[in-house]
Number of protein chains: 2
Amino acid sequence: MNRLKCTISYDGAQFEGYQIQKEKRTVQLEVQRALSRIHKGSEIKVSASGRTDAGVHAVGQVLHFDSPLTIPEGAWQKAMNAHLPKDIWVKKVETVPGDFHARFDVVKKEYRYKVNLSKDFNVFSRDHVFHYPFSLDFEAVQEACGHFIGEHDFTSFCSAKTEVEDKVRTIYSLEAVVNGEELEFRIVGNGFLYNMVRIIVGTLLEIGQGKNLPNDIFSILEARNRGAAGKTAPAQGLYLWNVVYDDN
Amino acid sequence: MNRLKCTISYDGAQFEGYQIQKEKRTVQLEVQRALSRIHKGSEIKVSASGRTDAGVHAVGQVLHFDSPLTIPEGAWQKAMNAHLPKDIWVKKVETVPGDFHARFDVVKKEYRYKVNLSKDFNVFSRDHVFHYPFSLDFEAVQEACGHFIGEHDFTSFCSAKTEVEDKVRTIYSLEAVVNGEELEFRIVGNGFLYNMVRIIVGTLLEIGQGKNLPNDIFSILEARNRGAAGKTAPAQGLYLWNVVYDDN
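Within each chain, residues carry numbers counting from 1 in the order of the written sequence. All chains are assigned letters beginning at A, and all ligands numbers beginning at 1, according to the order in which they are written. Confidence filtering applies because this is a predicted model: local features only for residues at pLDDT of at least 70, side-chain atom pairs given and counted only at 80 or more, and all residues used for totals across whole chains, interfaces and linings.

Asker: Would you mind showing me how to read the overall build of chain A here?
Answerer: Tallying secondary structure elements over chain A gives five helices and 10 strands in all. Note that the radius of gyration is over C-alpha atoms, with the globule rule given as 2.2 Å times the number of residues to the power 0.38. Relative to the 2.2 N^0.38 estimate, which gives 18 Å for 248 residues, the radius of gyration of chain A is 19 Å and therefore close to what a compact globule would have. The principal-axis extent of the C-alpha atoms belonging to chain A is close to 60 × 40 × 35 Å. Any residue with 12 or fewer other C-beta atoms within 10 Å of its own C-beta is exposed, any with 20 or more is buried, and the rest are partly exposed; the C-beta atoms used are placed from the backbone. When the 248 residues of chain A are sorted by exposure, 36% land in the buried category. In chain A, 71% of the contacts between residues at least 6 apart in sequence involve partners at least 24 apart. Elements are defined by DSSP. Helices are runs of H or I of four residues or more, strands are runs of E of two residues or more, and each kind is numbered from the N terminus. Note on contacts: residues are paired as contacts if their backbone-placed C-beta atoms lie within 7 Å.

Asker: How should I be thinking about helix H1 (residues 27-38) of chain B in this particular structure?
Answerer: All names here are of chain B. Given a helix with a known number of residues, its expected span is that number minus one, times 1.5 Å. The end-to-end C-alpha distance of H1 is 17 Å, a good match for the 16 Å that 12 residues give at a rise of 1.5 Å each. Among the residues of H1, those classed as buried are Val27, Val31, Ala34 and Leu35. Within H1, the buried residues cover an arc of 95° as seen down the axis, which keeps them to one side. The inward-facing, buried residues of H1 contact strand E1 (2-10), strand E3 (57-67), helix H2 (73-83) and strand E4 (88-96). Note on H1: the residue one or two positions beyond its end, lysine 40, has a positive phi of about 50°. Within this analysis, the arc is defined by the directions that extend from the helix axis to the C-beta atoms.

Asker: When you look at the environment of lysine 91 of chain A in this model, what are you seeing that I'm missing?
Answerer: Structurally, the position occupied by lysine 91 of chain A is in strand E4 (residues 88-96). For the pair lysine 91 of chain A and serine 42 of chain A, spaced 49 residues apart in sequence, the C-alpha separation works out to 23 Å. The residues contacting lysine 91 of chain A, other than those within four sequence positions of it, are Thr7, Ile8 and Ser9 of chain A together with Asp120 of chain B.

Asker: I keep staring at the interface of chain B and chain A and nothing clicks. Help me out?
Answerer: By a frequent convention, interface size equals the accessible area lost on bringing the separate parts together. Taken residue by residue, the interface counts 14 residues in chain B and 14 residues in chain A. Going through the elements one at a time, E1 and E4 of chain B are the ones with two or more residues in the side of chain B that touches chain A. For the side of chain B that touches chain A, the element with the most residues is E4 of chain B, which contributes three residues. In terms of residue class, the side of chain B that touches chain A is built from six nonpolar, two polar and six charged. Residues were grouped as follows: Ala, Val, Leu, Ile, Met, Phe, Trp, Tyr, Cys and Pro as nonpolar; Asp, Glu, Lys and Arg as charged; and all remaining residues, including Gly, as polar.

Asker: It is not clear to me how helix H2 (residues 73-83) of chain A should be interpreted in this structure. Could you clarify?
Answerer: In an α-helix there are 3.6 residues to a turn, and that puts residues three or four apart on one side. All names here are of chain A. Of the residues making up H2, those classed as buried are Trp76, Gln77 and Met80. Buried residues along H2 cover an arc of 100° about the axis, so they all sit on one side. Of the exposed residues in H2, those oriented more than 90 degrees away from the buried face are Gly74, Ala75 and Ala82. On its buried face, H2 is in contact with strand E1 (2-10), helix H1 (27-38) and E4.

Asker: For this particular structure, what's the right way to read unusual backbone geometry?
Answerer: The phi angle of most residues is negative, glycine excepted, and most peptide bonds adopt the trans form. Positive phi, close to 45°, is recorded for arginine 224 of chain A, a residue that is not glycine. Here arginine 224 of chain A is to be found in the loop between helix H5 (216-223) and strand E10 (238-244). Despite not being glycine, lysine 40 of chain B has its phi angle at roughly 50°, a positive value. Note that lysine 40 of chain B resides in the loop between H1 and strand E2 (47-48).

Asker: Please clarify how the relation of the copies chain B and chain A should be interpreted in this entry.
Answerer: For these two chain copies, the linking operation is a rotation about an axis paired with a shift along it. With an axial shift of 0.0 Å and an RMSD of 0.0 Å, the rotation relating chain B to chain A amounts to 180°. What we have between these two chains is a two-fold relation. Of the C-alpha atoms belonging to chain B, the one lying closest to the rotation axis is found on serine 125 of chain B, 4.7 Å away. Most of the interface of chain B is mirrored in chain A, where 100% of its interface residues are also at the interface. Least squares is used to superpose the copies, and the fit set is the C-alpha atoms of residues whose pLDDT is at least 70 in both copies.

Asker: When you look at the packing of H1 of chain B against H2 of chain B in this model, what are you seeing that I'm missing?
Answerer: Each packed pair of helices is defined by two parameters, the angle between the axes and the distance between the axes. All names here are of chain B. In this analysis an axis means a line fitted to C-alpha atoms, helices contributing only their contacting stretch, and an angle means the value between N-to-C directions, from 0 to 180 degrees. In contact at an axis separation of 9 Å, H1 and H2 are set at 115° when each is read in the N-to-C sense. Considering how the two elements wind past one another, H1 and H2 form a crossing that is right-handed. Residues Ala34, Arg37 and Ile38 of H1 pack against Ala79, Met80 and His83 of H2. Considered class by class, the residues forming the contact of H1 with H2 number four nonpolar, one polar and one charged. Note on convention: near helix rotated counterclockwise from far helix by under a right angle means a left-handed crossing. Clockwise means right-handed.

Asker: When you look at the nonpolar core in this model, what are you seeing that I'm missing?
Answerer: As a rule of thumb, soluble globular proteins bury nonpolar side chains together. Val197, Ile200 and Leu204 of chain B are the most contacted members of the largest nonpolar core, which totals 63 residues. A per-element tally of this core places helix H4 (residues 196-208) of chain B first, with eight residues. Not counting chain neighbours up to four residues away, the residues in contact with leucine 204 of chain B comprise Val141, Ala144, Cys145 and Phe185 of chain B. Linking buried Ala, Val, Leu, Ile, Met, Phe, Trp, Tyr and Cys residues through C-beta atoms within 7 Å yields a set, and such a set is a nonpolar core. If you look at the next biggest cluster of nonpolar residues, it comprises 62 residues, including Val62, Phe148, Ile171 and Phe192 of chain A.

Asker: Looking at this model, I keep getting lost on the environment of histidine 57 of chain B. Mind explaining?
Answerer: Residues and elements named next belong to chain B. Among the structural elements, histidine 57 can be located in strand E3. Separated by 183 residues in sequence, histidine 57 and leucine 240 place their C-alpha atoms 6.3 Å apart. Sequence-distant contacts of histidine 57, defined by excluding residues within four places in its chain, comprise Tyr10, Asp11, Gly12, His128, Leu238 and Tyr239.

Asker: Just to check I follow, could you spell out the pairing of strand E8 (residues 168-179) of chain B for this structure?
Answerer: Successive residues of a regular strand alternate their side chains across the two faces of the sheet. Residues and elements named next belong to chain B. Taken together, the four bridges between strand E7 (residues 150-153) and E8 define a ladder with antiparallel strand orientation. By the bridge assignment, glycine 150 is partnered in E8 with isoleucine 171. Strand pairing follows a simple DSSP-based rule, namely that at least 2 bridges must link the two strands. For E8 and strand E9 (residues 182-189), the ladder comprises eight bridges, and the chain directions are antiparallel. Of the residues in E9, the one forming a bridge with isoleucine 171 is glycine 189. Between E8 and E9, which follow one another and run antiparallel, lie two residues, and glycine 180 among them has a positive phi close to 65°.

Read these as layout, nothing more, since geometry by itself doesn't imply function.
Written out as structure tokens, the structure is:
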């Protein structure tokens with residue numbers, strides 16, 4: 001058997017998220033369907049670095065799977081893209097050691113979140129950017145970003161439905177990059193809880209509007225209560241940007 | 001009655017073109033449906049600067065219609081956007097003299113055509129850019145662009161189905177703007193025949209690939225025969241960018 005590591009991008013707009021669910025169009029379903037065609041009908045199970053929700057995009061999601069086929073890396077990429085729908089694209093396929101695991105071996109992940117602050121709605125980016133037509137205090141947003149850096153208990157910043165027990169995560173960097181009326185959040189951490197990036201972004205946008213102060217991040221973190229943080233920003237602005245493993 | 005001039009943008013991906021056709025989702029249908037709701041069910045007919053084909057986008061399409069309602073311009077915009085689907089956006093509504101006509105009064109129009117030359121497919125722009133993963137001779141493309149400027153008979157550059165008799169049009173400017181792996185054609189003229197921009201772009205891309213020389217544009221124009229020009233570039237890269245009238 002060969003273990004393959006596969007880096008893919010997808011437009012989340014027409015998917016009910018990454019993970020297979022009965023009778024829903026999901027990314028995992030389409031990837032496994034393409035691999036099954038390449039393997040003459042045999043089922044091939046893929047493991048991802050993590051799930052993404054309905055409407056969330058990926059620029060660098062990572063998967064692994066095992067195959068009895070011996071195919072050059074470039075040919076794997078071509079074959080998969082030939083069998084995948086237009087909203088998934090395989091960027092790279094690499095042969096990796098048999099103990100590589102797309103989920104357990106993650107060292108850090110980067111998410112990005114795109115916001116359009118223009119008064120005018122952009123029909124072309126409606127599924128790919130959060131339209132938030134308000135003026136923001138960027139200095140306040142930037143100051144608040146800094147308060148997330150480091151190791152914290154993120155109970156206030158995850159969906160109340162989260163079943164994971166350990167809610168301590170480390171944020172390595174969090175930047176708010178402004179370019180005219182476009183605002184992009186870039187966040188790198190060792191792991192993320194359910195809805196964590198979207199709640200952080202929703203909270204930062206409310207600080208930008210003056211509804212809270214940058215220093216309120218400290219008390220929100222301490223509260224360990226989802227109700228203390230801001231609204232969950234919508235799925236369409238969120239991108240799983242990059243997944244980092246030890247060897248790259 | 002008040003005559004209103006209305007500038008709209010739309011994402012053509014999920015429309016069967018601009019013009020009303022039985023049982024198809026078209027831009028005109030959605031705009032007339034929104035206006036009908038604003039007018040408590042009365043039918044309001046709109047006239048556009050021209051049609052666009054299935055999959056073709058608009059950044060500045062212009063329409064006019066007549067209404068018995070007296071509403072401030074900003075409120076017109078709000079009301080229309082509230083009743084339109086997310087892939088149409090009204091940018092501006094202006095009260096104009098009763099003899100203004102969105103089609104007959106056009107002085108010039110600008111179209112743009114977006115090409116992605118990257119080897120990698122971009123899932124996010126798949127409906128909005130033509131993916132053409134080849135290296136091009138930009139100098140040849142730019143030289144060929146210049147040969148279109150001026151008044152010409154464009155019989156070779158329109159669909160053989162075109163019923164219009166007079167195929168003479170004037171091109172005021174045609175530029176090929178390169179930005180990394182993105183290429184954008186910008187073309188301004190006094191009018192365009194059916195498929196004319198898409199055939200011009202298809203022909204220019206073939207010149208960029210060395211299949212024809214820049215000077216071949218002269219003989220292609222002289223041939224007055226659709227078969228002499230290149231392929232029709234696909235709809236998804238094309239944008240009706242701007243329509244100019246005498247008063248702006």
